[in-house]
Amino acid sequence: MKVPPTLSVVLGNLLKKPATNQFPKSEPVPTPEGFRGKLLYDKDKCIGCRLCITVCPAGVFEYVPEIKKVTLWLGRCVFCQQCVDVCPVNALEMSDEFLLATYDKYDDNLRWLKNEEIEKMIEEQKSKKVKKYRIIE
Ligand code: SF4
Ligand code: SF4
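Note that the structure is predicted; figures quoted are calculated from it, not measured.

Parameters at a glance
- Residues numbered from 1 in each chain as written.
- Chains lettered and ligands numbered in written order.
- Predicted model: local features only at pLDDT ≥ 70, side-chain atom pairs only at ≥ 80, totals over all residues.
- Heavy atoms only, no water.
- Near = heavy atom within 4 Å.
- Nonpolar A, V, L, I, M, F, W, Y, C, P; charged D, E, K, R; others polar.
- Phe/Tyr/Trp six-rings, centres within 6.5 Å; stacked < 30°, edge-to-face > 60°.
- Helix = DSSP H or I, 4+ residues; strand = E, 2+ residues; numbered from the N terminus.
- Buried < 20%, exposed > 50% of the residue type's maximum accessible area, 1.4 Å probe, protein only.
- Lys NZ or Arg CZ within 6 Å of the ring centre and 35° of its normal.

Student: Got a sec to walk through the site of ligand 2? Specific residues and values, please.
Tutor: Residues in contact with ligand 2, as listed here, are Y41, C46, I47, G48, C49, R50, C52, C87, P88, V89 and L92. Classifying every residue of the shell around ligand 2 gives nine nonpolar, one polar and one charged.

This is the structure we're talking about:
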């Protein structure tokens, strides 16, 4: 009987440890440098220039004129990083978080600037004194 040429490979592999990463029993495979995971937003840095809205192909952003900031719903995000590259003040950043599955598409983990936060910021803005400018002739 002719022995198949792959037999030695098969027998050799039987003696080796499995090459599978048994997630979730073990940690997931580490993300490489420059990985494009969940988008982070720093509202304090944001200057409301709206460039991110212009470049985003997925309609993730919405402008809130009262506070000159943007809201993000990451349920639409395609992780292209164009908004990060265009933001002039580095208010946006891709993280290495990728375990984003949820039962609720409007999960808090997928949103930046929730309604309560926006309302609070609008109230704070109203309570601030309006700076008056004097025209110098
Ligand atoms: S990563 Fe791409 S799809 Fe996601 S918010 Fe930024 S521009 Fe939009
Ligand atoms: S591009 Fe940056 S600064 Fe401009 S609105 Fe978007 S997040 Fe804010």
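Student: Describe in detail the packing of aromatic side chains, supporting the description with residues and values.
Tutor: Counted by the stated rule, this structure contains two aromatic pairs. Ring geometry for W73 and Y106: centres 4.9 Å apart, planes at 40°, overall tilted. With a gap of 33 residues between them, W73 in strand β3 (residues 69-73) and Y106 in the loop between β4 (92-94) and β5 (111-112) connect regions that are remote in the sequence. Take Y106: its relative accessible area is 44%, and that puts it in the partly exposed class. The ring centre of Y63 lies 4.2 Å from the NZ or CZ of R50, which sits over that ring.

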